[in-house]
Amino acid sequence: MAELKYQIRAIHTASTITVYQAYTPEVGLPAAREGRFPAAWKRDRMTWIKPSFLWMMYRCGWGAKEGQETVLAVEMTREGFEWALEHACLAHYEPGLHPDRATWKRQLKRAPARVQWDPERDLHLQPLPYRSLQLGLAGEAAHRYADEWTASITDITALAQKIHAHMQGGDLDAARRLLPPEHPYPVRDGLLAHLHR
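In this numbering scheme, every chain counts its residues from 1 along its sequence in written order. Local features are withheld for residues below a pLDDT of 70 in this predicted model, meaning they are given only at 70 or higher, and side-chain atom pairs are given and counted only at 80 or more; totals for whole chains, interfaces and linings count all residues. For side-chain calculations, the full set of non-hydrogen atoms in the structure is used, while hydrogens and water are omitted.

The next thing to look at is the pairing of strand β7 (residues 127-137). Being paired, for any two strands, means DSSP has found at least two bridges between them. Think of it this way: any DSSP run of H or I at least four residues long counts as a helix, any run of E at least two long counts as a strand, and we number them from the N terminus. Here 3 bridges tie strand β3 (residues 47-49) to β7, and the two strands are oriented antiparallel to one another. Bridge pairing in β7 links T47 to L137. Of the strand pairs in this sheet, strand β6 (residues 113-121) and β7 are connected by 8 bridges, and their pairing is antiparallel. Bridge pairing in β7 links R114 to G136. Adjacent in sequence and paired antiparallel, β6 and β7 are bridged by 5 residues, among which L125 carries a positive phi angle near 65°.

This is the structure in structure tokens:
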């Protein structure tokens, strides 16, 4: 069955969803060790979270890109994730979704979160025909993410490196077996209506 073009796929439980980020070791290692973001994590900057493991690998180059050497799996509350979605604005102007460009700009400026839908990635990090959610958190959303919504933080750099090593060695089956088991996230009716056409 074909994947829906706009769908959140993630590891999730009844109360949490797992998202991914990558940081310098100076930020990522203490975050994983303490289970919360350290003082060096700037709460006043926008931070982007990604429910897709392979999109994170595309973004951070399997943890090899400078400044993204520590890959984190952040388990956050579904309540917080859905609050961010409800209060988000699409990161680009979409005719038919927004009344006009000026209205969209006002909404974007006020919104504590923004959404991008980028092509999902396969094991080779090549684009797929359906989209993956990227959720940017700023202001109130960033503070609440760090201080209220984060349930656990795990360093998964070694996992990323192991999957990449299998890919480089041509063992796609071994790489695929290690992928986090992501499934469609059960969003309530209408939650994403303002975030795609």
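More follows now that the structure is in view.
Only protein chains enter the accessibility calculation, which uses a 1.4 Å probe; a residue whose area is less than 20% of its type maximum is buried, one above 50% is exposed, and one in between is partly exposed. Within helix α3 (residues 78-86), 7 of the 9 residues are buried, leaving the element largely enclosed by the surrounding structure. The complete set of buried residues in α3 reads R78, G80, F81, E82, W83, A84 and L85.

The subject of this paragraph is the side chain of T16. The residue T16 is located in strand β2 (residues 16-23) in this model. A polar side-chain atom of T16 sits 2.8 Å from a polar atom in the side chain of T13. Polar contacts, as used here, are pairs of N or O atoms within 3.5 Å; protein pairs need one atom able to donate a hydrogen and one able to accept it. Residues neighboring in sequence count only if both atoms are side-chain atoms. Of note is the side chain of T16, whose polar atom sits 2.7 Å from the side chain of E75. Contacts are assigned to residue pairs that have any heavy atoms within 4.5 Å of one another. Apart from residues lying up to four places away in sequence, T16 is in contact with E75, M76, T77, R78 and A151.

This part is about helix α2 (residues 53-60). Buried residues dominate α2, accounting for 6 of its 8 residues. Restricting attention to buried positions, one finds in α2 the residues F53, L54, W55, M56, M57 and C60. Positive backbone phi, at 60°, marks G61, one or two positions downstream of α2.

Strand β4 (residues 70-77) sits mainly inside the fold: 6 of its 8 residues count as buried. Sheet topology places β2 next to β4; 8 bridges connect them, and they run antiparallel. Of the residues in β4, the one forming a bridge with Y20 is A73. The pairing of β4 with strand β8 (residues 150-155) spans 5 bridges and is antiparallel. Pairing of E75 across the sheet is with S152, part of β8.

Right, let's talk about the environment of A32 for a bit. Relative to the helices and strands, A32 is located in helix α1 (residues 25-34). With 40 residues separating them along the chain, A32 and L72 place their C-alpha atoms 7.3 Å apart. Apart from residues no more than four positions distant in its own chain, A32 is found in contact with L72, I153, T154 and D155.

A few words now on the nonpolar core. The biggest cluster of nonpolar side chains holds 35 residues, and the ones touching the most others in it are F37, F81, L85, L135 and Y145. Of all the elements, helix α5 (residues 139-149) adds the most residues to this core, at 5 residues. Not counting the four nearest positions on each side in its chain, Y145 is found in contact with V19, Q21, F37, W41, T47, I49, V74, M76, L137 and T150. Counting 17 residues, the second largest nonpolar core, distinct from the first, contains Y20, L54, L123 and I163. Nonpolar cores are built from buried Ala, Val, Leu, Ile, Met, Phe, Trp, Tyr and Cys residues. Side-chain atoms within 4.5 Å join them into one set.

The aromatic pairing rule takes the rings of Phe, Tyr and Trp, using the six-membered ring of Trp, and pairs them if the centres are within 6.5 Å, calling planes under 30 degrees apart stacked, those over 60 edge-to-face and the rest tilted. Taken as a whole and assessed by the stated rule, the structure comprises 10 aromatic pairs. Here W83 and W149 contribute two aromatic rings whose centre-to-centre distance is 5.6 Å and whose plane-to-plane angle is 55°, an arrangement assigned as tilted. Residue W83 is located in helix α3, and its partner W149 is located in helix α5; the two are separated by 66 residues in the primary sequence. Classification of W83 as buried rests on a relative accessible area of 18%. Members of the aromatic cluster, joined through ring pairs, are Y23, F37, W41 and Y145. By definition here, charges over rings are those cases where NZ of Lys or CZ of Arg is within 6 Å of the ring centre and within 35 degrees of the ring normal. Between R121 and the ring centre of Y58, over which it is positioned, the NZ or CZ distance is 3.6 Å. Its guanidinium or amino end placed over the ring of W83, R144 lies 5.0 Å from that ring's centre, counting from NZ or CZ.

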